[in-house]
Structure formats: structure tokens, C-alpha cells
Amino acid sequence: MLKPPTSLKSPQFAAAPQAPPPQFSPSSSNPNPFLGQKRKLSNLNDISSCSENKKLAVEFEGKASKSIPPLSKTILSKNAKFAKRLSKRLSVKVSRDKISRLTQKPSFKAIPPSKPSQPTIASKKPSNIRSVPPRNAPNSSRLPPKQPTSTSYKRPVQNSTIPNKRKIAPLKNSKNASPSCLTNLTDDEAEPGPPELPKGHAIDFKIRSTGYEKVANYWKDKCRSLKSILNSLDSSFSSTLSLTDDLKNQLSSSKKELSAKLDSMKSLDLKISDLQAQIVSIKNSNQEILNSTISSHNSQLATLNNEKSALQNQINDTQLVVENKLQIIKDLEENIKQKESNIGDLKNTLAIEEITRRKLHNTIQELKGNIRVFCRSRPIKGPESEKSCLTFPNNGPASKNISITQQKENATGQSIPKTTDFEFDHVFLPDESQDVVYDEVSQLIQSALDGYSVCIFAYGQTGSGKTFTMEGPDEINTPSDRGIIPRALEQIYSETLRLSNKGWTYELGAQFVEIYNEQLFDLLCDTTADEKSQQVRSTRKQASGDLQTTKPATKIEIRQGSDGSSFVSGCSITQVDSANSVSSLLTKAALNRRVASTDCNERSSRSHCVFTLFIKGKNSQTGESCNSMLNLIDLAGSERLNNSKSTGDRLKETQAINKSLSSLGDVIMALSNGEKHIPFRNSKLTHLLMPSLSAGNSKIMMFVCVAPDDLSSQETLCSLRFAAKVNNCHIGTAKRHN
Ligand SMILES: Nc1ncnc2c1ncn2[C@@H]1O[C@H](COP(=O)(O)OP(=O)(O)OP(=O)(O)O)[C@@H](O)[C@H]1O
């Protein structure tokens, strides 16, 4: 809030126009009526201006005093100071002291013409109006010395008062005149007016006129300075008015802002009331939710308490049941102890029964013959399908007969079919699966686990199905494709696990030897392919008589032990202690055999493969033990030398094969005939199989594999004749090896 300028409220400001002395009123005695009239007009203007200023000051004080900016405040302050000074000059110094002195001069009558009273006035002029000295005022220093006043002269005080009162009266009634202004004028009226000048006195008149002229000039200057002051005041008031207008504008804008604020306040009040209503509604809804939640929780709590009591009842019941069960368990434990003792007895009985079973099984095998010959014909291939030399009389599930028909020329040169019939322990038809074949073999495998040495041969010409029967096809897609060797290994391994429940523990060691050109090769060795290839090349050169071998082959030899038993030195034996080891060793053997076949043409057909499984078992319960061998032999092709028309290396291969096959026949015949000397050492094959083929030690099974095509009829016939010869052998009962 800005305060209005205090100077504008001062009563002295309004007193400024009261300066004119009362002695200048128009009077009939005034020798210069023009000057008196001018003085009157000037006083009126001053008073009017004073009233106007007062009016503006009051207006300013009433309306715009509350918001004057600092600049206008400064201007007003300056104006106020100036007005204050002006008021002092006019009201105090001029209107009272100076003018009264001028009017109280001694009577002109008493004053000599050479001593006018004007110098006295000039010498006592106030310092503050020094800036406007009367132009004709004589210098006080040059004034003549003061003349003594005449005693005859008296100042007519009351006469001079009346005209002044008459002149000021309208100002009293002026609407804008301030009380202080009127008061000052009244005080001046109380002073005595100027003495009337004596008439007809030339010298006095001259003196008086000179004095009046000086006073008039003095007041003229005063009026001019007052007018200039008045002009400056007008300009300052005009600026104040413009400021007032600005303030009015600001006030109106503030009013607008205030109304806008009021409107926003109203809207805020509305929002607040809405929010309060929302709060109340939310409080109510939350209270409802809380109440519902509390009630639901209370109901849940009640339910849980019911469940808890029910569970407590169940626990009590369960504890009773548990106590009963514990009692039952005690009874059962006693029963178990009793049963365990019974089981021990039964185990002993079972072991005895197992011994009995083995004996019976062996009896059955002996009744079947310790040399058994099975015949298996492979299926007819595409080009051979037109004609087959084989027929199967008494075709059935247990067929034993097979017939081969050949075209023979009679004495007259006519082609006459000639059929030769053979009977074996079992004849497998071409479409019979590997499973059916293995069913007949598995009983003999069981004999190997029971402690008997077993030899299973696959004999036949090349391409008749020997490898298919012993190992399976080249690509085994399903377990049913597998041949005798993988199935036998699997059976023995699983059987050792089963027999472990009966106290048996077994050690299984596998050996896989290839006999090529009367040389032994280890198919389970870790020899690299290069070493194997070198080994094979060396063997081929040795076989062909070229002694300049670059690297000697790894020597695998059959040696005689101190106890007379033979064994293979330098050949690795792989422990079979898991199902994985069974498959991995067969994979390794097939890989080694394939590498050898690459360097030696058709080697797989020209070599014997002997898989030997060494079985050592011990029964911790019965104290029994067993030590046996299972030999699974895939023989080389049995082509006749004359028919093969081989030459060179192939001829030597054929000769070596025939030699070993005939040695095998000779050994079997010798065993059958009961001869004292069995020619095991005539070939590497029979020498290798000597421990298994020794008299009375083995169970022998031979698969004679035949091809059904006409072109192979002669070789098929030879194979069937060899098998029939073996089938007629009786090598006595096999001995069990403990
Ligand atoms: N019973 C059978 N059923 C189906 N296919 C057979 C059967 N026997 C043999 N074969 C197939 O006949 C072909 C020759 O068989 P395999 O190689 O076993 O004869 P092999 O007598 O071992 O010959 P090699 O003496 O040359 O080794 C193979 O393709 C084989 O899959």
C-alpha cells in the first residue's frame, strides 16, 4: 500500500495564495488603481489555484493514495517539499512580516522627501526570497541613514482593514478554499493597512509614488515566480493525474484478476465439495468392503476351526491306527525273520534244484547229440527266382529234411533230374527269422553258462548266409535282425545278472580272432587303421612267398600251456561287464574286419572269424564253479578249388581255406571215431578250437548255410554232404568243467 504524499495534506500548501498584503485592495485613495486591480486579479488566481490543488490533493488522497508507484511518489515528494517552501515564503515571511512592515511605515508627512521608507523594507527582506528582488529596490548599503519618524503620523489601522475584509470574503465562501488559507488571510486582515498618502503634497506624493512603485515591482516579480511555480505544479499534477489514470487501469485490471480469482475460488470450492462428497462415498464403500471382508474372514475362521477339530479327530484316529500298525509291523518282522530262515532253506533247495536242472538240461542236450547240425537256406534273390534247386519235404515248424535237385546227364546224354535228400537236426526254411533260429541255439548257450564248452559253426559257400546267421545283415536296423553272436552275448550277460541272485558271480572275457591264410589277427585290438593295413599287406606278401616284408605282422600265436592246454598269445581279451561293452566290442570287430577287407579283396569271405567268450563262474552259496568257452565261428567260403578256378593269391587263399575246412572235418571224424590222435594241429582253425573240441569236452552245433540257386547247386550239394558227415558223428558226452 502506497501512502499519499504528506506534503499535499499540509495546510501550508493551501496557505500559499494568502501572501498578498491587504493594503493592495482597491481603494479610492490608491494613487495607482491599475496596480491594485492587477494585484487583486493575481490574488484571485492564486487562491483559485490553491483551491484547485487542494481539490486534486483531496481527490488523490481519497482515491489513489493506496497504490502510487515509487516514481510518482518521488515526484510528489519533491512537489511537496517545494510547496512547503513556497508556503513558508508566502504565509510566514511575506504575508506577515514583510508586508506588515511595509504597511507600517511612518507617515509620509513626517518623512522628508529625501528619505523614503523603501530602503527600510529592502534592508529587512527575508533571505529566502532573495532570488526575486525588486528591480528598483535600492541597495540597503546605499540607503541613507534612517530618518526619525514623525510623531504626527499615525497609521489608520481600522480603515485599511475593512476593504481587505470585503475583498477576502468571497474566498471564505469558496468551496475549494482550505481553512488554513482563510485563517492566514484573517490574520493579515487584523494587521493595520497602509497609511493613506497626504494629498496635495508634491514631495510626499513623489516619495509615496516611488515607494508604491517599488512595492508594486516587488510584487510583480513575486507574481511571476509564483506563476512559474504554479506552472510547474500544474505539470507535476498532470503527471500525477496520468499516474492516477495508470493506477486506475491497474486497479481495474486487479479487479478483473480479483474477479477471475474469485471465480476460480468458486470453482475450487465446488471441486472441494465434490471431493469431499467422493471421500465420504469412498469411506462408506470401504467401510462396507471392510465389513464384508471381516465377515467372510470370520466365516473362514470358523470353517478352519471346524476343519482343525476334524483334523485333530483324524490325528487321534490315525495315532490309534499307527499304534495298531506298529504292532502289526512287529508281528510282521517276526514273520519276516521266520520267512528269511525259510528262504534260506528254499535257496538251498533252489540251488540243489538248479544243479538238478543243469543235469537234466545237459541230459537233454546229450540226448539231442553233442554234435548237432542245422541247415539254413537263404531266401532266393531276384535273378535266381526262376529256378531253385532246393526243396523242403515235410515242410513244417520242425522240418528236418531238405532235398537238392540237380540235372545230370545219363549215359545217353539226356539231362535227368537227380534229387538228393538230407536230414539234419533242424532245417530252417528261407523265410524263417533270426528269432526262430536263435530259439534253437539259446539252449546250447545256456549250456555254456552251465560250464560246458560250446562251439557253433557256420559252414557254407560264399554268399550262402553264414555271416547273416552268425552276426546279422550288413546294416542292423532292428534288434530282430541281430545274429547269433550278439544275441548270445546279450543272453549270457543278462543270465549272469539273473544267476547272481542265486549266488553266482561270473567273469566274462571276449576274444575275436580272424584266421586269414593261416594267420591269426586280433579283431578287438586297438591297432590303428594304418597299422592294420600294414599288418594285412605284410601277411599277403608272406602268403605269396615274398619274404621282403617292410614290417612284420603282429605275432599272434597259439601256444601250449604247462598243463597241456593251448591259448592264444598276443591277443586282447575284452571284459564284458555291461550291456554297452557287448555292443561296442562287436562294433570294433566289424570295423577292424572292414579295414582289412579294403586292402585284401573279398577278405571277409576268405577268412575264418572265431569269437570266443571265456566264462568263469563261482557260486558263493553252493561253492560251485565253472570254467567254459563259447566259440562262435563264421567259417570262410567252402568253394571247391576246381570250381573256383582261382589262380595266384586267390588260389593260395582257397588252398588255405580248404586245408582248414578239411582239417575241421578230419578232427570231427576222428572225434567221432574215437581215435587216439586227433589232428588238431593240422590247421590254425582246429588248433585254435582244440580246447573246445577235445574229446568229451564240447557241445558242437554246425549251421550249414546253403544257397537255393541252380548255379550254386554243386557247392550246395557239397556243403550238405559235409554237414551230413558231421551230423553222423558221435563225440560222446561232454564233460563239465569245474
Ligand atoms: N536267411 C537270410 N535271409 C535274408 N537274407 C540273407 C539270409 N542269408 C543270407 N542273406 C543275404 O545274402 C547275402 C550273403 O549273405 P552272407 O554275406 O551272410 O553270406 P556269407 O556266406 O557270409 O558270405 P561270405 O562267405 O562271403 O562271407 C547277404 O546280403 C545277406 O544279407
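Everything that follows concerns the structure shown earlier in this document.
These remarks concern the structure in this document. As the structure is a computational prediction, the values presented were derived from the model and not from experiment. (Residues numbered from 1 in each chain as written. Predicted model: local features only at pLDDT ≥ 70, side-chain atom pairs only at ≥ 80, totals over all residues. Heavy atoms only, no water.)

## Comments concerning the packing of helix 9 (residues 434-449) against helix 11 (residues 484-499)
Rule in force here: For helices, the fitted line uses only the C-alpha atoms of the stretch in contact; every axis is such a line through C-alpha atoms, and the angle between N-to-C directions lies from 0 to 180 degrees. Each helix corresponds to a stretch of at least 4 residues labelled H or I by DSSP, and each strand to a stretch of at least 2 residues labelled E; elements are numbered beginning at the N terminus. The cut-offs work like this: below 35 degrees is roughly parallel, past 145 is roughly antiparallel, 65 to 115 is roughly perpendicular, and the gaps in between are oblique. Left-handed describes a crossing whose near helix is turned anticlockwise from the far helix by less than a right angle; the clockwise case is right-handed. Any two residues whose heavy atoms approach within 4.5 Å are treated as being in contact. Each residue is assigned to one class: nonpolar for Ala, Val, Leu, Ile, Met, Phe, Trp, Tyr, Cys and Pro, charged for Asp, Glu, Lys and Arg, and polar for all the others, Gly among them.
Running from N to C, helix 9 and helix 11 point in directions that differ by 45°, and their axes come no closer than 10 Å. Comparing their axes, helix 11 and helix 9 come out oblique. Between helix 9 and helix 11 lies a crossing of right-handed hand. Taken together, the residues of helix 11 that come into contact with helix 9 (itself represented by Gln434, Asp435, Tyr438, Val441, Ser442, Ile445, Gln446 and Leu449) are Ile484, Arg487, Ala488, Gln491, Ile492, Glu495 and Thr496. Residue composition of the contact of helix 9 with helix 11, grouped by class: 7 nonpolar, 5 polar and 3 charged.

## Re the site of the ligand
Keep this limit in mind: Near, as used in this document, describes a residue that has one of its heavy atoms within 4 Å of the molecule or strand being considered. The term polar contact refers here to a pair of N or O atoms within 3.5 Å; inside protein, the definition further demands a hydrogen-donor-capable atom paired with an acceptor-capable atom, and it admits residues adjacent in sequence only when both atoms are side-chain atoms. Accessible surface is estimated by sampling points in the Shrake-Rupley manner with a 1.4 Å probe; for residues, cover comes only from the protein chains shown.
Near the ligand there are 13 residues, and of these Gly463, Lys466, Thr467, Phe468 and Ser605 occur at the shortest range. In the environment of the ligand, an oxygen atom lies 2.9 Å from a nitrogen or oxygen atom belonging to the side chain of lysine 466. Protein contacts shield 75% of the accessible area of the ligand, which totals 610 Å² for the unbound molecule. Residue contributions to the shell around the ligand peak at 3 residues, all from helix 10 (residues 466-470). Taken together, the residues of the shell around the ligand break down into 2 nonpolar, 7 polar and 4 charged.

## What to know about unusual backbone geometry
Our working rule: Exposed residues in this analysis have more than 50% of their type's maximum accessible area, buried residues have under 20%, and partly exposed residues fall in between, with area computed by a 1.4 Å probe over protein chains only.
Of note, asparagine 517 is a non-glycine position whose phi angle comes to about 50°, a positive value. Note that asparagine 517 resides in the loop between strand 7 (504-516) and strand 8 (519-522). Using a relative accessible area of 15% as the deciding quantity, one classes asparagine 517 as buried. Non-glycine residue glutamate 518 carries a positive phi angle of around 60°. With respect to the helices and strands, glutamate 518 occurs in the loop between strand 7 and strand 8. In this structure glutamate 518 comes out as buried when scored by relative accessible area, which is 18%.

Function cannot be inferred from these measures alone, as they are strictly geometric.
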